[in-house]
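Chain residues, written in single-letter form:
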Amino acid sequence: MKKNRLKRFASIFLATSLVVGALAGCSSSSEGSSNSDSDVIKIGANLELTGQVASYGSSILAGAELAVEEINANGGIDGKKIELIKADNKSDNAEAASSAIKLITQDKVVAMVGPATSGNMLATVQTANKYKVPVVTGSGTAENLTVNEDGSINEYIFRTCFIDPFQGVSAANFAVNELGAKNIAIYADNSSDYAKGLAKSFKEQVEKNGATIVSEEAYVAKDVDFKSTLTNIKSKNPDFIYIPGYYEEVGLIVKQARELGIDVPLMGADGWGAPTLLELAGAEPLNNTYYTDAFSLQDPDEMIQNFIKAYEAKHGEKPNGFNALGYDTVKFIADAIERAGSTDGEAIKNALASTKDFKVVTGTFSVDEKHNPIKSATIIEYVDGEQVFNSKVNP
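Residues numbered from 1 in each chain as written. Predicted model: local features only at pLDDT ≥ 70, side-chain atom pairs only at ≥ 80, totals over all residues. Heavy atoms only, no water.

J.: I tried to follow the overall build of the chain on my own but got confused; where do I start?
T.: Scanning the chain from terminus to terminus reveals 14 helices and 14 strands. Whereas a compact globule of 395 residues would reach a radius of gyration of roughly 21 Å, the chain reaches 21 Å, a difference of no more than 12%. With the C-alpha coordinates of the chain rotated into their principal frame, the extents come out at 65 × 45 × 35 Å. Across the 395 residues in the chain, those meeting the buried criterion constitute 57%. (Helix = DSSP H or I, 4+ residues; strand = E, 2+ residues; numbered from the N terminus. Rg over C-alpha atoms; globule rule 2.2 N^0.38 Å. Buried < 20%, exposed > 50% of the residue type's maximum accessible area, 1.4 Å probe, protein only.)

J.: Even after reading the chapter, I still don't get the pattern of salt bridges, so can you show me in this structure?
T.: Two side chains carrying opposite charge are able to pair once their charged atoms lie near each other. For the structure on display, the rule yields 13 salt bridges. Where K331 meets E70, a salt bridge forms, and the shortest distance between an N and an O atom there is 3.4 Å. Here the residue K331 occupies a position in helix α13 (residues 321-340), and E70 occupies one in helix α2 (residues 54-73), the gap between them amounting to 261 residues. By relative accessible area, which is 22% here, E70 ends up partly exposed. One salt bridge connects K102 with D107, and the closest N-O pair in it is separated by 2.9 Å. (Salt bridge = Lys/Arg side-chain N within 4 Å of Asp/Glu carboxyl O.)

J.: Would you mind going over unusual backbone geometry with me for this structure?
T.: A negative phi angle is the norm for most residues apart from glycine, just as the trans form is the norm for most peptide bonds. Look at D78: it is not a glycine, yet its phi comes out positive at around 50°. Counting through the fold element by element, D78 comes out in the loop between α2 and β2 (81-88). With relative accessibility at 59%, the residue D78 sits in the exposed group. Positive phi, close to 55°, is recorded for N237, a residue that is not glycine. For N237, the position within the fold is in the loop between α8 (227-235) and β8 (240-242). Residue classification places N237 among the exposed residues on the basis of a relative accessible area of 60%.

J.: Even after reading the chapter, I still don't get helix α6 (residues 164-178), so can you show me in this structure?
T.: Helical geometry: 3.6 residues make up each α-helical turn, so side chains three or four residues apart lie on a common side. Taking 1.5 Å per residue, 15 residues should reach 21 Å; α6 reaches 20 Å between its end C-alpha atoms and fits that length. Among the residues making up α6, those that are buried are D164, F166, Q167, G168, S170, A171, A172, F174, A175 and V176. Positive backbone phi, approximately 75°, marks G180, located one or two places after α6. (Expected span 1.5 Å × (residues − 1).)

J.: Help me out: how do you make sense of the sheet that holds β2 in this one?
T.: Pairing between the strands of a sheet comes from backbone hydrogen bonds, and it takes one of two forms, parallel or antiparallel. Taken in spatial order, the five strands line up as β2-β1-β3-β4-β5 in an open sheet, and their pairing is parallel. Looking along the sheet, the strands with just one partner apiece sit at the ends: β2 and β5 (157-159). When the angles between neighbouring strand axes are averaged without regard to direction, this sheet yields 25°. Along the sheet face, α2 touches β1 (40-47), β2 and β3 (111-113) and points at about 165° away from the line of β2. (Pairing = 2+ DSSP bridges. Axes fitted to C-alpha atoms, helices over the stretch in contact; angles between N-to-C directions. Contact = heavy atoms within 4.5 Å.)

J.: Which parts of the structure should I look at to understand the nonpolar core?
T.: Core analysis: the biggest nonpolar cluster contains 92 residues, and I184, Y187, F202, I241, I243 and F307 have the highest contact counts within it. Setting aside residues up to four positions removed in sequence, I241 forms contacts with A185, Y187, I233, I262, V264, P265, L266 and M267. Formed by 18 residues, the second largest nonpolar core is a distinct cluster that contains I104, V109, V125 and Y131. (Core = buried A, V, L, I, M, F, W, Y, C linked by side-chain atoms within 4.5 Å.)

J.: What exactly am I supposed to notice about the side chain of S91 here?
T.: Looking at the secondary structure, you find S91 in the loop between β2 and α3 (93-105). Among the polar contacts made by the side chain of S91, one reaches the main-chain amide nitrogen of Q52 at a distance of 3.4 Å. (Polar contact = N/O pair within 3.5 Å; in protein donor to acceptor, adjacent residues only side chain to side chain.)

J.: When you look at helix α9 (residues 247-259) in this model, what are you seeing that I'm missing?
T.: End to end, α9 covers 18 Å across 13 residues, agreeing with the expected 18 Å (1.5 Å per residue, within 8%). Every buried residue belonging to α9 is among Y247, E249, V250, G251, I253, V254, Q256, A257 and R258, and all of these are buried. Just past α9, the residue G261 takes up positive phi, approximately 85°.

Next up, the structure:
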């Protein structure tokens, strides 16, 4: 759902510590977040509703709200209705940390739909583990969210999306095996852990597949002029360019690449899935581009088509992958609460971790020992401004 790494982590820790200190004296009950005696079950939504990646957070929220409406219309969880409590983290790490603390200590949520981006999600890990409240991200794909560098598991962190290495490997296999690419360029956001992780796994798999990386270039978030670097890439004559990053920059990169006469296939990951990408790049430049995503509107699966109809009836437009992941994340949390028979954080966490063969819109999945869902990825192709199903990649 991401720059000096040490500086960023230090700022997250400081912001979290300050907010914890400020809220610690609110009441002696702030350690617990159970609302089992209430007639509602409170679930938090700590999302990017404004700021740089607001399209992601807003899309996840729309899907989450639809899931809550459906669950409540069908009797809720053991007769209790879900109340979804929103917090805007403003696409900022420190805000994500403080929003998580507020939702848990003041709003008393028992679980949380986590931030959309890996960087913002990472800022909530300390809080989730401290208060023992599960946080589930629908689109935070970085490996280090659920597993620390020493191999230890962040017990209260889960996700409903696949992880970056799977996306990178899937893209590399698609480029080499399906499109026949031999000379490949990588143009990645150097300020984003998300993009750097994708670039790393993509490069390793490309080389395993026998193709050559002819150019590696970088940009940083909020750049707007990419033509100089794109000219450098063009001079290396690649037959495929991998561009992992977020839609705000990617849209401009795609448009400027085509203006420079770069007509080779371009590909990215789920950060391309926001509707705003089409507005920034334009339909024609997006032809012959691909990305890995969670689901496709063209998938004939009955559950997917029912979701599409329900979403379109509510919002007057077709859903995107982030809508689907938000929807699935609430369904995942609700299923765990129901199976746990409790709103206790540890009980919910254990139920989430033991999930097997759970069928949702973005595919049937089981949760592995690292709290990641074992699920397939979908290759989406842009055709005249439409996101078209290309193929499915299994784990």
